[in-house]
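# Chain and residue survey
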Amino acid sequence: MNYSTDKQNGAQVVAKALKDFGITTVYLYPGGTIAPLLNEFVELGIHYVCARNEQGAGYAAIGAAKITGKPQVVMVTSGPGATNLITPIADAYYDSIPIIAITGQVGVSDINFDRKVRQTGFQETDSKNLFTPVTKAACVVTEFQELYQQIADMIQITIQGRPGPILIDMPMSIQRGEVEQEQWTIPAKSDLSLSRAEEQSPVQDGDIERALALLQSAKKPLILAGNGVHIANANSELKYLVETMGIPTVCSLPGVGAIPGKDPLYKGFVGHTGEYFANLAAYHADVILVLGARLDLRQTGTELAEFLLDKIIIRVDIDPNELNSGRVKADLKIMGDLKEILSQMNARYSKNTKHEYAEWISTIDVWKNKYNSKQFYTDMNLSSYHIIRAVDEYTKDQKAIVTSGVGTHQQLVARYFNFNQPDRVWMTSAGHGTMGFDLPSVIGALLEGHDYDYGLVFVGDGSFQMNIQELATINNYDLPVKIFVLDNQRLGIVSQFQLMNWPVDESTGRKINPSFSAIGKAYGLKGFDLDDKAELPERLDEIFADTTACVVHCHIDEEEDVLPMLLGGQKMNEMYPFTK
């Protein structure tokens, strides 16, 4: 195939645009309406990873994008392929992950634009309008005119400002039709660089100084680090600020790992299922510097007026809509890239003016000793707490990517595993809260994160069965994944909610599960069972004897709940069961 000829087909043009932007891998599930594109990717040397389900392909792309910080491509066929992809794309949208989603489509003449019938072509679905609410931009390509430039512009959108997914719906007639050279334009190579730069107002003069002055004048300052710290790759800048100013720091659920879990100034993750001592710190703080976090209901609780009482909020975010229209109105808003703003704060902060917050930090540590949540789990025969802590300690000197599903186990991993970005990375579905995120996301992350020793998956019995078929993909690529299925025979966090409000947990309790270790073996992985915390030392020696992927069926206590928990109507200085 020669790209210097006067004519090319549309699939060739799209493939070349993606390669020019540095795309080396496409995550996909195959189908007829993406066959032309797949052929051109192979011709150009773009690798593909074929998952066992479209959702698996989407989450693998998400894992790859999170570990690299760069846009990744997922491609599926039309109709059911596209509708199966909506969930991971929604995940990417709510957690700000740059994904280029390509869906196949019937030929342009068969697309049901204005006809008053439900469907014209086979497997025709209005993908553009289905995906529009959960993408930064969505388009269906109907013309050859400047096709290359159209693809280039869409790719740039994924990383401009707040990152996120886009959708390109590619009809067969565009993929296979010939494109005259004058109908598409290749920008100069210098125009192809990906940049987060976007037209936005510069930081107002004096905002950095005002933020520093507010923090320095505070008696009980606190930093709340959110997912934006990871997105901006600002972990080292945050760590420097925390250490030089000596300010205690808490994290949102997706922000966990923004500073090392063992840092003495890290005071846990905050909110609905966080630590009570972290919530008390947030409640009693007089100034909070909020970095890339939304201050949503699960971070502040329902009683917002009480949370904001006698408190100054400084918010830093790249998204002007979040600053101007978010749930919490800040006293000082700073818009811009977190990495740059933290760098400016570090440069302008004078160590000679450092304030001591020993009394404030000591108060938080007293709360931590008194209200540490491990007290609810240590006496159990086997709990998620025992497993997470044991695995964390066993692998403490190794680089690991940790993923979870959604539910009770997700909250406990965030509490008890010591993360330290970028060496020990936390990945989970936060905003969309999707069960089944766990297995496929670790696949993409490990395929791109070549220098990691292990992928560690902590997953509940419910989440595990959402995308269990991706065990085949793990085996296919011989990935060093250790999967701990935390089986309490319940859909735990929903069961807990039901039992707190009704006499029985209809549909969520008393689940009859298969042998997950045997299923792992059936997929060509190793399988282990774990029944008692006393078995952990010996079993971990077996599990980590080599890098072979394995499934560990952990038979944990059926009564394991998320405790403590911030309930509706409770203020941040209240948390069940410490206060009722």
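Structural data are supplied above this passage.
Predicted model only: the values in this text are computed from it and were never measured. (Residues numbered from 1 in each chain as written. Predicted model: local features only at pLDDT ≥ 70, side-chain atom pairs only at ≥ 80, totals over all residues. Heavy atoms only, no water.)

### What about the overall build of the chain?
If you tally the helices and strands in the chain, you get 24 helices and 20 strands. Computed over its C-alpha atoms, the radius of gyration of the chain comes to 25 Å, within 12% of the 25 Å expected for a compact globule of 580 residues. Principal axes of the C-alpha set define a box for the chain whose edges measure 75 × 60 × 50 Å. Taken across its 580 residues, the chain has 59% of its residues classed as buried. (Helix = DSSP H or I, 4+ residues; strand = E, 2+ residues; numbered from the N terminus. Rg over C-alpha atoms; globule rule 2.2 N^0.38 Å. Buried < 20%, exposed > 50% of the residue type's maximum accessible area, 1.4 Å probe, protein only.)

### Let's talk about helix 2 (residues 35–44)
All of the buried residues in helix 2 are Pro36, Leu37, Glu40, Phe41 and Leu44. On an axial view of helix 2, the arc spanned by its buried residues comes to 135°, and they lie on one face. Where helix 2 terminates, the next one or two residues include Gly45, which has phi positive at roughly 85°. (Arc of directions from axis to C-beta.)

### Observations concerning the pairing of strand 7 (residues 166–171)
For strand 7, the tally of buried residues reaches six of six residues, placing the bulk of the element in the interior. Here strand 5 (residues 99–105) runs beside strand 7; their pairing, made up of six bridges, is parallel. By the bridge assignment for strand 7, Ile100 is matched with Ile166. As paired elements, strand 6 (residues 137–140) and strand 7 share four bridges and run parallel to each other. Bridge assignment links Cys139 to a residue of strand 7, and that residue is Ile168. On the question of chirality, the crossover connecting strand 6 to the parallel strand 7 by way of helix 6 (residues 147–157) is right-handed. (Pairing = 2+ DSSP bridges. Right-handed = clockwise from strand over helix to strand, strands pointing away.)

### Examining the sheet that holds strand 9 (residues 221–225)
Read from one edge to the other, the open sheet built from six strands follows the order 11-10-9-12-13-14, with strand pairing classed as parallel. The open sheet terminates on both sides in strands that have one partner only, identified here as strand 11 (266–269) and strand 14 (332–335). If you compare each strand with its neighbour and ignore which way they point, the axes differ by 20° on average. Direction of pairing for strand 12 (residues 287–291) relative to strand 13 (residues 312–317): parallel, over a ladder of five bridges. (Axes fitted to C-alpha atoms, helices over the stretch in contact; angles between N-to-C directions.)

### Some remarks on the nonpolar core
Counting 98 residues, the largest nonpolar core has Leu238, Met345, Ile387, Phe458 and Phe484 as the members making the most contacts within it. Of all the elements, helix 11 (residues 276–284) adds the most residues to this core, at seven residues. Sequence-distant contacts of Met345, defined by excluding residues within four places in its chain, comprise Ile208, Ala211, Leu212, Leu215, Leu241 and Leu289. Counting residues in hydrophobic clusters, the runner-up holds 50 residues, among them Ile401, Val459, Leu525 and Ala549. (Core = buried A, V, L, I, M, F, W, Y, C linked by side-chain atoms within 4.5 Å. Contact = heavy atoms within 4.5 Å.)

### What about the sheet that holds strand 2 (residues 25–28)?
Pairing is parallel in the open sheet, where six strands are placed in the order 3-2-4-5-7-6. Each edge of the open sheet is held by one strand with a lone partner, namely strand 3 (47–50) and strand 6. Each neighbouring strand pair of the sheet contributes to a mean axis angle of 20°, computed without reference to strand direction. Across four bridges, strand 2 lies against strand 3 in parallel orientation. Counterpart to Leu28 in the pairing with strand 3 is Cys50. Against the sheet, helix 3 (residues 54–68) touches strand 2, strand 4 (72–76) and strand 5, its axis set at about 175° to strand 4.

### Considering the packing of aromatic side chains
Tallied over the full model, the rule gives 17 aromatic pairs. Between the aromatic rings of Tyr276 and Tyr371, the centroid separation amounts to 4.7 Å while the plane-to-plane angle is 65°, which identifies the pairing as edge-to-face. With Tyr276 in helix 11 and Tyr371 in helix 16 (residues 358–371), this pair connects stretches of sequence that are 95 residues apart. Considered together, Tyr276 and Tyr371 belong to a single accessibility category, that of buried residues. Between the NZ or CZ atom of Lys311 and the centre of the ring of Phe307, over which it lies, the distance is 4.9 Å. The ring centre of Tyr452 lies 4.9 Å from the NZ or CZ of Lys399, which sits over that ring. (Phe/Tyr/Trp six-rings, centres within 6.5 Å; stacked < 30°, edge-to-face > 60°. Lys NZ or Arg CZ within 6 Å of the ring centre and 35° of its normal.)

### So, the environment of Gly69
Position of Gly69 among the secondary structure elements: in the loop between helix 3 and strand 4. For the pair Gly69 and Ala232, spaced 163 residues apart in sequence, the C-alpha to C-alpha distance is 8.6 Å.

### Regarding the pairing of strand 20 (residues 550–555)
The element strand 20 is largely enclosed, with a buried count of five among its six residues. Bridge count for strand 18 (residues 481–487) against strand 20 is six bridges, and the pairing is parallel. Each bridged residue has a counterpart across the sheet, and for Ile483 the counterpart in strand 20 is Val551. This β-α-β element, strand 19 (residues 526–530) to helix 24 (residues 536–543) to strand 20, shows right-handed connectivity.

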